[in-house]
Amino acid sequence: MEPIFLYFAVILLIAFAVSSLLKFFNQPIIVGYIITGILISPFVLNIGATKDIIDVFFKFGVAFLLFIVGLHLNPRVIKDMGAPALFIGLIQIILTFGFGLAISLALGFDLITSAYIGIAISISSAIIITKLLSDKKQIDSLYGKISIGILIVQNLFAIVVLMFISLFSNGINFSSFAVRNLSLGIGLTALLFFLGIFVLPKMLKGIAKSQELLFLFSITWAFIISALFSYLNISIEVGALVAGITLSALPYSMEINSKIKPLGDLFLITFLIILGLGVEISNISSIIINAVIFSLIALLFKPLIVMISMGFFGYTKRNNFLVGTTLSQISEFSLKILVTGVLLGHIGEEIVSTLTLSTVITIIISTYLISFSNDHYQFISKFVPIFE
């Protein structure tokens, strides 16, 4: 255990130094975490952290972060925002997937690999978006609610995709067994949503009187639901996200979130550092061009689709621009989907490296776009009247 603590101490020290430097120059600290991951990789400082250690931290960190993300994805937002959030989300997914698929085929990838790439690019990072909107206190703003509504649609799409392809892990074929497990997964999700709306609020009335018990219940709930999804050969991350969403509609969701937030901040640091660590500088020359092309689709085409779609629903050009830029990155769920595809033999590991680099690029750039969105809007507002 001692080496693990030593590695973690060194990593946090480097993260603190890099982030302090960025803060001095008034830059987003999130970028510092990713830079730290790149610095500690075997290709730069190489502090000696093993792949097993990295995988444990990454899997646990992503699952816990997605649970916290789920707490922000209240399905009632869809009801509050009405049809626009649902239709904009669906249009964005379909068109981004189609464009990503076409570009990938043009670059010489086969159909299955291109489909994986299209799916990956179409989903935005709920972890980054909810973190930055929360820091800016914009989650309850109009553009924040629209962004959350679209995120809910994207993540439900990602859950269905992961449920489907996870059934083929460990040699499971598309058979009655696979269909049964998929049905169980969908049924379990529907049951959990029912419990979250009608049962848990009444059950937690007594528990909520104690902040400690409420905190313990929420953590227990997250682990139990994640374990259930894992037992059904569905992703732990899917279970964690669903667990969070089912608690998001509770009257006590804000209290739960405030209790869990410090742990979430720690795992966010871990997640972004390991994300930076996943950028393999040794073969960057062979993947950089494709990574940049896929990044541009997420940074330019996806926001463009969102802004045009929102214009049809009568939103102002300011809200269109803010929502579009908020969704301009590739998701952590995308990497999970790609890794599952590698395990199944559908795609090669180089695709994961390429999209990991694209994810890092888009997260860094979109962090600046979101953090300084009002300044960017003032600069570009005269060029975007066509989206209103």
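Residues numbered from 1 in each chain as written. Predicted model: local features only at pLDDT ≥ 70, side-chain atom pairs only at ≥ 80, totals over all residues. Heavy atoms only, no water.

### What to know about the overall build of the chain
The helix and strand tally for the chain stands at 17 helices and zero strands. Out of the 388 residues in the chain, the part that is buried amounts to 53%. When contacts within the chain are restricted to residue pairs at least 6 apart in sequence, long-range pairs at least 24 apart make up 81% of them. Total accessible area computed for the chain in this model is approximately 17,100 Å², and 71% of it derives from carbon and sulfur atoms. (Helix = DSSP H or I, 4+ residues; strand = E, 2+ residues; numbered from the N terminus. Buried < 20%, exposed > 50% of the residue type's maximum accessible area, 1.4 Å probe, protein only. Contact = heavy atoms within 4.5 Å. Areas by Shrake-Rupley, 256 points an atom, 1.4 Å probe, with all protein chains shown as cover.)

### Topic: unusual backbone geometry
Even without being a glycine, asparagine 26 presents a positive backbone phi close to 60°. If you check the backbone angles, lysine 137 has positive phi at about 55° while not being a glycine. The topology assignment puts lysine 137 in the loop between α7 (126-135) and α8 (142-166). Of the residues examined, lysine 137 reaches a relative accessible area of 72% and is grouped as exposed.

### Observations regarding the nonpolar core
Core analysis: the largest hydrophobic core is formed by 114 residues, its most contacted members being Phe229, Val238, Leu247, Leu272, Leu338 and Leu355. Take this core: its biggest share by element is 12 residues, from α8. Residue contacts for leucine 338: discarding those within four places in its chain leaves Tyr116, Ala120, Ile347, Ile351, Val352 and Leu355. (Core = buried A, V, L, I, M, F, W, Y, C linked by side-chain atoms within 4.5 Å.)

### Describing the packing of helix α2 (residues 29-39) against helix α16 (residues 349-371)
With their axes 9 Å apart at the nearest point, α2 and α16 run at an angle of 160° to one another. With respect to α16, the element α2 is oriented roughly antiparallel. As α2 packs across α16, the resulting crossing turns out to be left-handed. Touching Ile30, Val31 and Ile34 of α2 are Val360, Ile363, Ile364, Thr367 and Tyr368, all from α16. Residue classes in the contact of α2 with α16 are distributed as seven nonpolar, one polar and no charged. (Axes fitted to C-alpha atoms, helices over the stretch in contact; angles between N-to-C directions. Parallel < 35°, antiparallel > 145°, perpendicular 65-115°, else oblique. Left-handed = near helix turned anticlockwise from the far one by under 90°. Nonpolar A, V, L, I, M, F, W, Y, C, P; charged D, E, K, R; others polar.)

### Comments concerning the packing of helix α10 (residues 211-231) against helix α12 (residues 253-277)
Interhelical geometry of α10 versus α12 gives an angle of 70° and a closest axis separation of 9 Å. With respect to α12, the element α10 is oriented roughly perpendicular. Contact residues: α10 offers Gln211, Glu212, Leu214, Phe215, Ser218 and Ile219, while α12 offers Glu255, Ile256, Lys259, Ile260 and Leu263. Per-class residue counts for the contact of α10 with α12 are six nonpolar, two polar and three charged.

### A look at the side chain of serine 248
Checked against the element boundaries, serine 248 lands in helix α11 (residues 236-248). Relative accessible area serves as the criterion here: at 3%, serine 248 is assigned to the buried category. Aside from chain neighbours lying at most four places away, what touches serine 248 is Gly70, Leu71, Leu73, Asn74, Pro75 and Ser253.

### Describing the side chain of glutamate 332
Mapped onto the elements of the fold, glutamate 332 is located in helix α15 (residues 332-343). Comment: no salt bridge for buried glutamate 332; closest opposite-charge side chain is lysine 302, at 10 Å. A distance of 2.6 Å separates the side chain of glutamate 332 from the side chain of serine 125, its partner in a polar contact. At a separation of 3.3 Å, a polar atom in the side chain of glutamate 332 contacts the main-chain amide nitrogen of alanine 126. (Lys, Arg positive; Asp, Glu negative; His and termini not counted. Salt bridge = Lys/Arg side-chain N within 4 Å of Asp/Glu carboxyl O. Polar contact = N/O pair within 3.5 Å; in protein donor to acceptor, adjacent residues only side chain to side chain.)

### Comments concerning a nonpolar patch on the surface
Taken together, the side chains of Leu86, Phe87, Leu90, Ile91, Ile94, Leu95, Leu304, Ile308, Phe312 and Phe313 define a hydrophobic patch exposed on the protein surface, amounting to about 900 Å² of accessible area. Sort the elements by how many residues they give to the nonpolar patch and helix α5 (residues 83-106) lands first, with six residues. (Patch = residues over 30% accessible without salt bridge, like charges linked within 9 Å, V, L, I, M, F, W, Y side chains within 5 Å.)

### Digging into the confidence of the model for the chain
Per-residue pLDDT for the chain has a mean of 84; in total, 87% of the residues score no lower than 70. Summarising per-element confidence for the chain, the mean pLDDT is lowest in helix α4 (residues 76-81) (72) and highest in helix α6 (residues 111-122) (95). (pLDDT = per-residue confidence, 0-100.)

### A closer look at the packing of aromatic side chains
Scanning the model with the defined rule gives nine aromatic pairs in all. Here the aromatic rings of phenylalanine 99 and phenylalanine 301 are separated by 4.1 Å at their centres, their planes lie at 15°, and the arrangement is stacked. Here phenylalanine 99 is found in helix α5, whereas its partner phenylalanine 301 is found in helix α13 (residues 284-312), with 202 residues between them in sequence. Between the aromatic rings of phenylalanine 321 and tyrosine 377, the centroid separation amounts to 5.8 Å while the plane-to-plane angle is 45°, which identifies the pairing as tilted. Of this pair, phenylalanine 321 sits in helix α14 (residues 317-326) while tyrosine 377 sits in helix α17 (residues 373-380); the two residues are 56 residues apart in sequence, bridging distant segments of the chain. (Phe/Tyr/Trp six-rings, centres within 6.5 Å; stacked < 30°, edge-to-face > 60°.)

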